[in-house]
Amino acid sequence: MPISLIRVLGTCSVAAALLLAPLATPAAAVAPTEAADGQPTLAPYVPTPQDVVERMLSMASVGANDVVIDLGSGDGRLVITAAKKFGARGVGIDIDPARIAEGQANARAAGVEGRVEFRQQDALQADLSQATVVTLYLLSSSNVKLRPRLVGQLKPGSRIVSHQFGMGDWPPDKVDTFTDANGTSRTLYLWTVGANTPRP
């Protein structure tokens, strides 16, 4: 077969493969995976871009009197940013010991290890009572599982910010849809816990 024809057929095969491939799904929208120790997680690890992190914290009006708990804290960037840029205290909770170690190392490098801590823990069993702000980048189904714990433990006035995913039939107080620095569409949801917060 002539080389030129092989090249054409090869190109067609690649094009066909691309057409038949499933559309890309945001990594945080796929099924939950496992942590390094084999435990199931509430969402796969997908770092939130730094500009989105800062927008989440701004949306929650984070300040020096706040305690920010990030459920599924990954490399720690959200609680580190809350401490370094917004003056808050932060607690990162993650089920994966590798992520906890990474967060601790990053906090030391950022010089905020005295204002943040990391706990290897299942978010569904975490004590959230000290939080004034809780941040999430989990799946919708995971948010719904967490909702009883959130509304049961958080004090009135506490804020919850979720990146990309809602909280079942609990309507958010505010929705912010924007394009991040990489050109990706993002949506943030904000809830404020109050006396009229619907119980699941």
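Treat the numbers as computed from the prediction; the structure is a model and nothing was measured.

The rules behind the values
Residues numbered from 1 in each chain as written. Predicted model: local features only at pLDDT ≥ 70, side-chain atom pairs only at ≥ 80, totals over all residues. Heavy atoms only, no water. Core = buried A, V, L, I, M, F, W, Y, C linked by side-chain atoms within 4.5 Å. Buried < 20%, exposed > 50% of the residue type's maximum accessible area, 1.4 Å probe, protein only. Helix = DSSP H or I, 4+ residues; strand = E, 2+ residues; numbered from the N terminus. Polar contact = N/O pair within 3.5 Å; in protein donor to acceptor, adjacent residues only side chain to side chain. Contact = heavy atoms within 4.5 Å. Salt bridge = Lys/Arg side-chain N within 4 Å of Asp/Glu carboxyl O. Pairing = 2+ DSSP bridges. Axes fitted to C-alpha atoms, helices over the stretch in contact; angles between N-to-C directions.

Novice: I keep staring at the nonpolar core and nothing clicks. Help me out?
Specialist: If you look at soluble globular proteins, the nonpolar side chains tend to sit buried side by side. Core analysis: the largest hydrophobic core is formed by 21 residues, its most contacted members being Leu71, Leu136, Leu150, Leu154 and Ile160. Of all elements in the fold, only β1 (67-71), β2 (89-94), β4 (133-136), α5 (140-153) and β7 (185-192) reach the threshold of two or more residues within this core. Examining the composition of this core, we find that three residues originate from one element, α5, more than from any other. Membership of the second largest hydrophobic core comes to 17 residues, among which are Val53, Ala60, Ala88 and Val161.

Novice: Any chance you could explain the side chain of arginine 159 here in plain terms?
Specialist: Its location among the elements puts arginine 159 in strand β5 (residues 159-163). A polar contact of 2.9 Å, which involves the side chain of arginine 159, links it to the backbone oxygen of alanine 60. In this view, arginine 159 contacts Ala60, Ser61, Val62, Asp66, Thr132, Val133, Val134, Leu190, Trp191 and Thr192; residues no more than four positions away in its chain are not counted.

Novice: Honestly, the pattern of salt bridges in this entry has me stumped. Any pointers?
Specialist: Pairing of side chains with opposite charge becomes possible as their charged atoms draw close. Across all of its chains, the model carries eight salt bridges by this definition. Across the pair aspartate 169 and arginine 147 runs a salt bridge whose closest N-O atoms are separated by 2.6 Å. One end of the pair, aspartate 169, is in the loop between β5 and β6 (174-179); the other, arginine 147, is in helix α5, and 22 residues separate them in sequence.

Novice: Would you take a moment to explain unusual backbone geometry for this structure?
Specialist: Trans is the prevailing form of peptide bonds, just as negative phi is the prevailing case for residues other than glycine. The phi angle at serine 61 is positive, at roughly 55°, despite the residue not being glycine. Along the chain, serine 61 turns up in the loop between α2 (50-59) and β1. Although it is not a glycine, glutamine 164 adopts a positive phi angle of roughly 80°. Looking at where glutamine 164 falls in the secondary structure, it is placed in the loop between β5 and β6. Given a relative accessible area of 24%, glutamine 164 falls into the partly exposed group.

Novice: So what exactly am I meant to see when it comes to the environment of alanine 110 here?
Specialist: You can see alanine 110 is positioned in helix α4 (residues 97-110). Sequence-wise, alanine 110 and threonine 81 are 29 residues apart; in three dimensions their C-alpha atoms are separated by 9.1 Å. In this structure alanine 110 touches Ile80 and Lys84, once residues within four positions along its chain are discounted.

Novice: Could you clarify how one ought to interpret the sheet that holds β4 in this entry?
Specialist: In sheet architecture, strand pairing relies on hydrogen bonds along the backbone and comes in two forms, parallel and antiparallel. The strand order β3-β2-β1-β4-β5-β7-β6 describes an open sheet built from seven strands, whose pairing is mixed. Since the sheet does not close on itself, it has two edges, and those belong to β3 (116-120) and β6, each with one partner. Strand-to-strand twist across the sheet, computed as the mean angle between neighbouring axes with direction ignored, equals 15°. Across five bridges, β2 lies against β3 in parallel orientation. Considered in β3, the bridge of valine 91 is made with glutamate 117. Lying on the sheet, α2 is in contact with β1, β4, β5, β6 and β7; it crosses β7 at an angle near 25°. Sheet contacts for α4: β2 and β3; angle to β3, the most-contacted strand, approximately 170°.

Any functional reading would require information that these geometric values do not contain.
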